[in-house]
Amino acid sequence: MGTFWRRLRTVILTLVLLSSSVVPQRVSAQQVPASEFPGLVWAVFNFKQHKDNPTQTPVGTPITLVAIAAAFLFLPSIIDVTGHPLSSGSVAALSCPVFIGGGTLLGEDGCAWAKAGMGWTQQEGVAIQRSAYRAGGQTEIAPGWLLGGTLGAANQTTQGAATLGTGQSFDVAVALKYSQDAVLLAGSAGFAANWNRFASTPGILSAVDVTNRTAQVHLRGAYDFAFDGWYVRPRLDLDVAYRNMPGFQVMSQGTTVMSVGAFSQTSFSATPMVEIGGRLDVESTGMIFRPYAAVGASFLPGNTSTFNVQFAGPLAFMGSFQPYLQGPSVTANVEAGVQLYKSQGLEFRAEYGLIAGTSLLSQTAAIRAAWHF
């Protein structure tokens, strides 16, 4: 049923553009869903070729160029711009929990840690796989107050309908926390940069470099309810992020066929979660075992990214248009993990995370080692 409606919308949009292309007019400021644009461009060019030469309707090289350009550029380059805040370094900086004394209240201590993980994202038919590496730590600067930070780097590959992309990213974040009894209040600020190079799998277009930069502020409040052997921790995360993507050009054989304008956007998200965990003391080793799981949702109002694109060179008659990506306004979030640590000593942890929404599925898995002091 989804495929039927998508094709129907494509036909309607095609007819709208054709009504403007019967005579030599520019089809400017048309808003087209990024996921539907490749088929739309193909249809428009097919009809125009038939109009110009009714006896021959082959689709020439310039037509193929644009169809492939639309298919591989927009979603792969946009998907990082609309990344979910829970995967950022600003969140990773809030990460040194330990039990207070012999109970099940969670607190914070000084620690240094390193982490390695993988991530898999599917959104609007585009698949992204990441391998990430991160290190961080924190120390107490006053009773109940801790200052921490993290550095992270990642490699990623992107696969779309007619796309193969590779990229790297780097992020840095600092965090300030207040932890006293059952209360945790924390804030962090971070910056991330992402570089990607995309190539069309038929090899017709020149490689395109796309850069994304993100500045983010993250706030967290949590309160613990301690019971015998287990606990419940409701928490609320608030994020404000500013994202910027410089403009770039699409070229083929030295000729510019498309120019994508610079993009910037400020977004907000709120994520309430409830974590449930337990405590098991391993007396033979003096270590503490903490299994935990959390469920919640993220609310992302106005999660739509719109881009300005101008055709150029032999395709200038197509004018301009505005592809957009409609991200989910609500996602379901799941976290789970196991932590094994020794007070004032070594820690091992395994983590899993899942984010699911309309046309979005993102999963992460990681292992971590730390030293508490």
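Everything below is about the structure printed above this text.
The shown structure was predicted, so the numbers you read here are calculated from the model rather than taken from an experiment.

**Structural notes on the state of the cysteines**
So, point 1. Within the structure shown, the criterion is met by one disulfide.
So, point 2. Between the sulfur of Cys 96 and that of Cys 111 lies a disulfide, 1.8 Å long from S to S. Of this pair, Cys 96 sits in the loop between α4 (89–92) and β2 (97–99) while Cys 111 sits in strand β4 (residues 111–123); the two residues are 15 residues apart in sequence, bridging distant segments of the chain. Considered together, Cys 96 and Cys 111 belong to a single accessibility category, that of buried residues.

**Let's talk about the nonpolar core**
Nonpolar side chains tend toward joint burial in soluble globular proteins.
So, point 1. Of all hydrophobic cores here, the largest spans 16 residues; its most connected members are Val 210, Met 245, Phe 248, Val 250, Met 258 and Phe 311.
So, point 2. Put simply, the parts of the chain that give this core at least two residues each are β9 (208–223), β12 (248–252), β13 (255–260) and β18 (309–311).
So, point 3. Sort the elements by how many residues they give to this core and β13 lands first, with three residues.
So, point 4. Formed by seven residues, the second largest nonpolar core is a distinct cluster that contains Val 98, Leu 106, Tyr 231 and Tyr 341.

**Description of the packing of aromatic side chains**
So, point 1. Under the criterion given, the structure shown has five aromatic pairs.
So, point 2. Considering the side-chain rings of Phe 99 and Tyr 231, the 6.0 Å spacing of their centres and the 75 degrees angle between planes classify their relative orientation as edge-to-face. Here Tyr 231 lies in strand β11 (residues 230–245) and Phe 99 lies in strand β2, a separation of 132 residues in the sequence.
So, point 3. Residue classification places Phe 99 among the buried positions, given a relative accessible area of 7%.
So, point 4. Between Phe 227 and Trp 230 the ring centres are 4.4 Å apart and the planes differ by 15 degrees, which places this aromatic pair in the stacked class.
So, point 5. Of the residues examined, Phe 227 reaches a relative accessible area of 40% and is grouped as partly exposed.

**Some points on a nonpolar patch on the surface**
So, point 1. A surface patch of nonpolar side chains, about 480 Å² in accessible area, is lined by Val 217, Leu 219, Leu 236, Leu 238, Val 240 and Phe 268.
So, point 2. A total of three residues in the nonpolar patch trace back to one element, the largest contributor, which is β11.
So, point 3. Relative to the assigned elements, Val 240 resides in strand β11.
So, point 4. Under the relative-accessibility criterion, Val 240 is labelled partly exposed at 42%.

**Some words on the pattern of salt bridges**
So, point 1. Counting across every chain of the model gives 14 salt bridges.
So, point 2. Across the salt bridge formed by Arg 235 and Glu 335, the nearest N and O atoms sit 2.9 Å from each other. Taken together, the positions of Arg 235 in strand β11 and Glu 335 in strand β20 (residues 330–341) put the pair 100 residues apart, joining distant regions of the chain.
So, point 3. A salt bridge links Arg 349 to Glu 351, with the nearest nitrogen and oxygen atoms 3.0 Å apart.
So, point 4. Of the residues examined, Arg 349 reaches a relative accessible area of 7% and is grouped as buried.
So, point 5. What you see here is one network of salt bridges that share partners, running through Arg 220, Arg 235, Asp 237, Glu 275, Arg 290 and Glu 335.

**Observations regarding the environment of Gly 277**
So, point 1. Tracing the chain through its elements places Gly 277 in strand β14 (residues 263–278).
So, point 2. You can call Gly 277 buried: its relative accessible area is 7%.
So, point 3. When the C-alpha atoms of Gly 277 and Arg 233 are compared, they prove to be 8.3 Å apart, with 44 residues separating the residues in sequence.
So, point 4. Not counting residues within four places of it along the chain, the set of residues in contact with Gly 277 comprises Trp 230, Tyr 231, Pro 291 and Tyr 292.

**Concerning the pairing of β12**
So, point 1. Side chains Phe 248, Val 250 and Ser 252 of β12 all project onto a buried face; the interleaved residues Gln 249 and Met 251 project onto a face where none is buried.
So, point 2. As paired elements, β12 and β13 share five bridges and run antiparallel to each other. When the bridges of β13 are listed, Met 251 appears paired with Thr 256.
So, point 3. Hairpin connection, β12 to β13: the antiparallel pair is bridged by two residues, and Gln 253 has positive phi, about 55 degrees.

**Digging into the environment of Ala 262**
So, point 1. Mapping Ala 262 onto the fold places it in the loop between β13 and β14.
So, point 2. Along the primary structure Ala 262 and Gly 247 are separated by 15 residues, whereas in three dimensions their C-alpha atoms are 3.9 Å apart.

What counts and how
- Residues numbered from 1 in each chain as written.
- Predicted model: local features only at pLDDT ≥ 70, side-chain atom pairs only at ≥ 80, totals over all residues.
- Heavy atoms only, no water.
- Disulfide = S-S within 2.5 Å.
- Helix = DSSP H or I, 4+ residues; strand = E, 2+ residues; numbered from the N terminus.
- Buried < 20%, exposed > 50% of the residue type's maximum accessible area, 1.4 Å probe, protein only.
- Core = buried A, V, L, I, M, F, W, Y, C linked by side-chain atoms within 4.5 Å.
- Phe/Tyr/Trp six-rings, centres within 6.5 Å; stacked < 30°, edge-to-face > 60°.
- Patch = residues over 30% accessible without salt bridge, like charges linked within 9 Å, V, L, I, M, F, W, Y side chains within 5 Å.
- Areas by Shrake-Rupley, 256 points an atom, 1.4 Å probe, with all protein chains shown as cover.
- Salt bridge = Lys/Arg side-chain N within 4 Å of Asp/Glu carboxyl O.
- Contact = heavy atoms within 4.5 Å.
- Pairing = 2+ DSSP bridges.

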